[in-house]
Every structure is written in structure tokens, then in C-alpha cells.
Amino acid sequence: MASAWWPCLILALLSGLAASGFLRSPSRPLGKRSLPEGVSNGIEVYSTKISCKVTSRFAHNVVTTRAVNRADTAKEVSFDVELPKTAFITNFTLTIDGVTYPGNVKEKEVAKKQYEKAVSQGKTAGLVKASGRKLEKFTVSVNVAAGSKVTFELTYEELLKRHKGKYEMYLKVQPKQLVKHFEIEADIYEPQGISTLDAEASFITNDLLGSALTKSFSGKKGRVSFKPSLDQQRSCPTCTDSLLNGDFIITYDVNRESPANVQIVNGYFVHFFAPQGLPVVPKNVVFVIDVSGSMHGRKMEQTKDALLKILGDMKGEDYLNFILFSGDVITWKDDLVQATPENIEEARIFVKNIHDRGLTNINDGLLRGISMLNRAREEHRVPERSTSIIIMLTDGDANVGESRPEKIQENVRNAIGGKFPLYNLGFGNNLNYNFLESMALENHGLARRIYEDSDANLQLQGFYEEVANPLLTGVEVEYPENAIQDLTQNAYQHFYDGSEIVVAGRLLDEDMNNFKADVKGHGATNDLTFTEEVTPEKIALWNGAAQSTFTWLDTVTITQDGLSVTINRKKNMVISFGDGVTFVVVLHQAWKKHPVHQDFLGFYVVDSHRMSAQTHGLLGQFFQPFDFKVSDIHPGSDPTKPDAMMVVKNHRLTVTRGSQKDYRKDVNIGTKVACWFVHNNGQGLIDGVHSDYIIPDLF
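Residues numbered from 1 in each chain as written. Predicted model: local features only at pLDDT ≥ 70, side-chain atom pairs only at ≥ 80, totals over all residues. Heavy atoms only, no water.

- An unreviewed UniProt entry lists the protein under the name Inter-alpha-trypsin inhibitor heavy chain H3, with Canis lupus familiaris as the source organism.
- Per UniProt, the protein has the following entry under Function (unreviewed entry): "May act as a carrier of hyaluronan in serum or as a binding protein between hyaluronan and other matrix protein, including those on cell surfaces in tissues to regulate the localization, synthesis and degradation of hyaluronan which are essential to cells undergoing biological processes."
- Comment text from UniProt for the protein, heading Subcellular location (unreviewed entry), reads "Secreted". (UniProt positions renumbered as here; feature names shortened; annotations may be inferred.)

And the structure:
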């Protein structure tokens, strides 16, 4: 959904700005003065701050730049921000001398038309355009009167995707001049807990980065701060230009005590699924490679180099083949072959001898590869528990055979029939990328642009690594019927190692306190079902008037003023008072289909002898030793449970022998402990009657 906003997104400022006199301000002479360091063409950008708040993989980013016109005349000030292509703008404001002008975010064609109209009328407008491999550029310019200050503030958001086992936040740093106050701050909160956190910059040495960068994480929270001084920003010790020009990348991952994690907020839920340690499903891969004349030179050499590296990564259980298309179609083998050492060596010789020639017949190349995969499955030439993938690389548009994009899409869609994914790689810019992307998406795959650069071979290898290790196929995420609505995509052809499946939806009943989520898929050796029991009951901790809220899905420890509270996910909560007594609250979960039993909390006291003699209450009255005597043991109504007479507190009580579970050491199974059961709600054993210990509310 987010990507649909980017090709032509405009943020047009309200027309009041044009009338304010700032846009076309007349020259206003000022006395001569020396300009401070960091001034470029009369404009000083004195502050740039990128503030990132990440909660449960969702990033909320605010970019704020402050500038002042130090020149004697009005000057144009430009604001450029490069944003991830998967992000979307939610707000933009422009403040000149304390007056704020809000922007309106528009989509696609409406945006483009309003942008052109605004510019023609002399108004201020911004437009988003493609900028490099991972970014889109937002640009806006405004005339600022001499001596005036301007503040640009852009807010954008994105869902961080897990890639090769880590979530990545990609920030472009390019202030173009020395900035007195430059800062990047990222605060990360992950309910599952943070397992790793790192940050790196492509534009600065590790020594300089280390002195300007701080990063830390503990429990659920992580923080990254990058604050280079003016001297650290210089490209050389005496230079006045900035070396801050490149990528600043923050990566992290979360703890995974179970394959799935479900989080509920205000009646909505998000379900994260990323199992680990599963065996890799064997794959059947057909590489469909464009060898037309336009691939001549470096592109062909880089493609061959990448394919050779990929062959070295193929697993012995995999099957593969190569199909080359130009004006005609050539196959390496008539059928898929297993990736044995002998076949891999033969494939390497084939790849080394690939040469460019002729035109571009995408349709026939793809249909040949699809037919080969279908035939291999139908004739049982590949393992039953394997998955098929077709990867097509081209650098241009079809110009021979069937060349109509819509007809090629139809042919490919009908041939695949939803049985396996198609991944399209577009090499360079001289091609119809929208066609490649649309065709891939409707066949459960994706498209990726390979940029013509010195690392194009690494880009190709990097893509293959993403799909090289399928752990599950035919993944379906299921929820209770008539309990969920507004569900996002919940069926996937593949789950690849290092990635993550994310499903979101809305609970029909906001007060629903538990539900079950099942993830089913086909593994390398058997079919698997992962069940996540969602129990969002709250655990509230108060410190005076301040309240902190957690659930049984959390793992967290809080320590303050000698009190320690530890919540162990889905197990128990431990409350300790310094060197004194420790309480354990155990979450006992019953079988969900049991006609009577329900989940309940068990309250246990460790080291109860440390409690004061004045301690009382339903449990506290038994913390100190007391006298009792059991006699006259005789058969009861249940032959396996004898009755007896207990004398305690001057009362003669009939008691029954039985057993109970002690869960202090083993919260799952417990330890069987023999004991005497007192009848009639403990009457005669407890002080008073049981109803004396029941209160309507804790507070």
C-alpha cells in the first residue's frame, strides 16, 4: 500500500504562503557582517535532527532541518530528504519566522497535476521522485527573506522488514555543508526484547564513528545516537566541506522464545511469525536469463560471475536448469538435474560460455522454464517435498515473438497456475519495470531492480541468498472463525530463512481475552503446525500514581527501591523484597476445550519463614509454625483417599488424604506433594470464615 504513494507524491503548501511575502520577498539590504562557518551561498543550516521511534517493527521518523538566511538579499532554501521506497509520508510543515504552514499529502496523478499548477503560480510545492536503489527523494524549495529563519519538518513512517535475520532502518545522510547541531536519534521498543543492535555508516571511518556514535540495548529497549561535532564532520582537518554523505544503517533483531508473537493494542492485533532451526526445503530452480545484444559487455560478465557464485551455493538436494533467451530460446538440459558435484561443474562450464546475441523473447523464455518445472513435478523427477522457483533476469523489453506486456502476463499466469512463485530481476533502467513487477506479484513473487554498477553481481547474489533457503511452503495463518476481521494477507507460498511473516487484523470483540492462532505449513520432512495462545490479560504495576502495564506475553524485570518484579513469559511473575521474602504468581493454563477448568493464577510464597509473626491473611496466618495432630486414620468414601481426625486450634476436624501440585520449581508439570484436605472451606482451620478474606476490589 505504501509504495503506491511514492511515484508522484506531492506536498503542496497552503496558498497563504504566497501571499505572506516570503516567497517572492524583495531585496532587503543589511549591513555587512562576517559569515559564520558552515554558511553556503548565504544560507546556514544550523540544525538537522533525524528522530526515529520504533515500536514493534513500526518506525515513526521525523526529519527537522533549521536554516537561516545570512545573506543581504532573499535566498532560495532547498530541503532534500531521501526516504526508503517502502515508507510513506504522513506530514510536512514549513515554518518561517515562527509562522507554520501545513502541507497536504496527495497521491499519484492528482499530486503531479497540483504540483505543476503550484509551481506555475509561484507557490511552494514538493515532489517525490526515485533516487537510487532503496530511496525516493522528497524535495521542496522556498524563498526566504534576508535574516529570516526557516524550519522544515517531514514525518514519514514505515514497517521494517526482516531481511537475512535482521530488521534494517536505512537513513540517508547528506547535509551538503557543515551543520553545527547534527543528530540522529533512534529509540527502539520491542515487546519480545532486543537480542542484537548495531549501527554503521558508509561515509566515516570506524574510529571517528566510534567517538560520535553511542548504542545500547537492554530488555525491550534500545537506543542509537549519532552526534558528530563540527570537526568530526570535516572531510579533512582544515576543510570546510562535510564528509557526511552516505548511508547510516541501524540493524537489530528480537528475542524469539517461540516461533510466533502476537501483540494486541486497542482491539487490533499484529502477528509476527519467524521460526528458526528448521531444515531447508529442497528447491527446484530454473534460471531464465536474457542474453540479447543489449546484455553485451559488463552486464553479461557480471551476470555470469553472479551465476557462478550461485552455483557454488547450491545444495546437493536441489535441482536446477538454465534457459537462455534472445531471439530464440536455448536450454542447458532438457530437464531439471540434481545439483551433484558433477552437474555443478558442468553447469559452470555452460555459464562461462554464455554469449550475448539477438533480440529479446521474454514470453517464450518464461513459458519454456514454467513448462520444465511443471513437467518435473508431474513426472516425479524432483522430490515430493521440494519447492519450485523460477528466476528471470532481463535488461530490456520484449521485441520479438509475443511482445505485448498484457498478453505475456496472461500467458505466464495461466502457465504457472499459482503453483510456484516467479521472481523478476530488471537489470538497469531501460526496461518496463512496472510490467516485471506486476507479473511477479500476480504470481506470488516479487521484482527487484539490479542497478548498473560495479557491484551488480553482488546485487544478484544478494537476491538469490534471500530465496536460497525456504523453510516452509504453503504457509497459512488461521484464526478463530467469526472472531477476526480486516485481516491482511495470511497465506504465503514460502517462508524463507531470515525473513518474517506479518499478519494484522481487528478483533470483533475488543474485550476478547484470549484466542488461538495457528500457522500451518509444509516442512522439509513433515507438515508442521505452530500454535500461539494469545492471553492479553494485563499485569498492572503502580509506583504511586504512575502505572506500568504488561501482559503474560512479556519477559521483563523491574527493580526499584529494593523491590524486584520479574515477569517470565507465559510462566510466572516473581516478586522479591531485597533479602526478604519472595512471592511467585504462576499462570496455570488449562486445556482450552475443557468443559469446566479455566486458566487461573496460583499464589506461592518462597522462604515464608522470613515473614513477620504479625503477618496474617488467608496464607499469612500459616507462615509461622502452629500445633496440630492427625489421628484415627480410616477408610473414606474414596478407597484411595483415607479420612482422619485433625485436632488444630482446639477444633476437631475431619480431613481427607490426597495430593496437590507444588509449582514453585516446575511451573509446567509441578511436583506431587501429599497433604490433608480440610472440608467446609477450611472452617475450623482458618481464623474466622472464608468469606472474611474475599474483597470486591484490590484498590
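Past the structure itself, the notes keep going.
## Some thoughts on the sheet that holds strand S14 (residues 194-201)
In step 1: Read across the open sheet, the four strands follow the order S11-S12-S17-S14; overall the sheet is antiparallel. Since the sheet does not close on itself, it has two edges, and those belong to strand S11 (162-163) and S14, each with one partner.
In step 2: The pairing of strand S12 (residues 166-173) with strand S17 (residues 246-254) spans seven bridges and is antiparallel. Each bridged residue has a counterpart across the sheet, and for Val173 the counterpart in S17 is Gly246. (Pairing = 2+ DSSP bridges. Helix = DSSP H or I, 4+ residues; strand = E, 2+ residues; numbered from the N terminus.)

## Brief notes about the state of the cysteines
In step 1: Per the counting criterion, the structure on display carries one disulfide.
In step 2: One disulfide in the model links Cys236 with Cys239; its S-S distance is 1.8 Å. Between Cys236 and Cys239, the disulfide has an S-S torsion of 95° and is therefore right-handed.
In step 3: Residue classification places Cys239 among the buried residues on the basis of a relative accessible area of 19%. (Disulfide = S-S within 2.5 Å. Buried < 20%, exposed > 50% of the residue type's maximum accessible area, 1.4 Å probe, protein only.)

## Topic: the nonpolar core
In step 1: Of all hydrophobic cores here, the largest spans 53 residues; its most connected members are Phe226 and Phe248.
In step 2: For this core, the element with the highest residue contribution is strand S3 (residues 43-55), accounting for five residues. (Core = buried A, V, L, I, M, F, W, Y, C linked by side-chain atoms within 4.5 Å.)

## Topic: the sheet that holds strand S30 (residues 501-507)
In step 1: Spatially, S18-S19-S30-S28 is the arrangement adopted by the four strands of the open sheet, whose pairing is antiparallel. Both outer strands of the open sheet, strand S18 (260-265) and strand S28 (484-485), are each paired with one neighbouring strand and no more.
In step 2: Note that S28 and S30 share two bridges and pair antiparallel. The residue of S30 that forms the bridge with Gln485 is Arg506.

## A short note on the pairing of S3
In step 1: In terms of burial, S3 is a largely internal element, ten of the 13 residues being buried.
In step 2: A loop of two residues connects S3 with strand S4 (residues 58-69), the two strands running antiparallel in sequence, and Ser56 in this loop sits at a positive phi of about 50°.

## Structural notes on the environment of Glu402
In step 1: For Glu402, the location among the structural elements is in the loop between strand S24 (387-394) and helix H8 (405-416).
In step 2: Between the alpha carbons of Glu402 and Asp364 there is a distance of 7.9 Å; along the sequence they are 38 residues apart.
In step 3: Not counting chain neighbours up to four residues away, the residues in contact with Glu402 comprise Asn363, Lys407, Ile408 and Asn411.
In step 4: Side chain to side chain, Glu402 and Arg404 meet in a polar contact 2.9 Å long. (Contact = heavy atoms within 4.5 Å. Polar contact = N/O pair within 3.5 Å; in protein donor to acceptor, adjacent residues only side chain to side chain.)

## Examining a nonpolar patch on the surface
In step 1: Taken together, the side chains of Phe603, Leu618 and Leu619 define a hydrophobic patch exposed on the protein surface, amounting to about 280 Å² of accessible area.
In step 2: By the element assignment, Leu619 lies in the loop between strand S39 (600-606) and strand S40 (628-638). (Patch = residues over 30% accessible without salt bridge, like charges linked within 9 Å, V, L, I, M, F, W, Y side chains within 5 Å. Areas by Shrake-Rupley, 256 points an atom, 1.4 Å probe, with all protein chains shown as cover. Salt bridge = Lys/Arg side-chain N within 4 Å of Asp/Glu carboxyl O.)

## A look at empty space enclosed by the protein
In step 1: Across all of its chains, the model carries three cavities of 30 Å³ or more by this definition.
In step 2: In terms of lining, the largest cavity is formed by Phe287, Ile289, Thr303, Ala306, Leu307, Ile310, Ile391, Leu393, Leu425, Leu460, Phe463 and Tyr464.
In step 3: Of all the elements in the fold, those that place two or more residues in the lining of the largest cavity are strand S20 (283-290), helix H5 (298-313), S24 and helix H10 (456-467).
In step 4: Here the lining of the largest cavity takes four residues from H5, the largest share from any one element.
In step 5: Each residue belonging to the lining of the largest cavity can be placed in one class, and the counts come to eleven nonpolar, one polar and no charged.
In step 6: In this structure, the second largest cavity spans a volume of roughly 80 Å³.
In step 7: Contributing to the lining of the second largest cavity are Pro191, Gln192, Asn255, Arg256, Glu257, Ser258, Ala260, Asn261, Leu553, Thr555 and Arg569.
In step 8: For the lining of the second largest cavity, the residue count by class is three nonpolar, five polar and three charged. (1 Å grid on protein atoms, 1.4 Å probe; cavity = no way out; pocket = protein on both sides within 12 Å on 5 of 7 lines; lining within 4 Å. Points joined across faces, edges and corners; volume = space filled by probe spheres on them. Nonpolar A, V, L, I, M, F, W, Y, C, P; charged D, E, K, R; others polar.)

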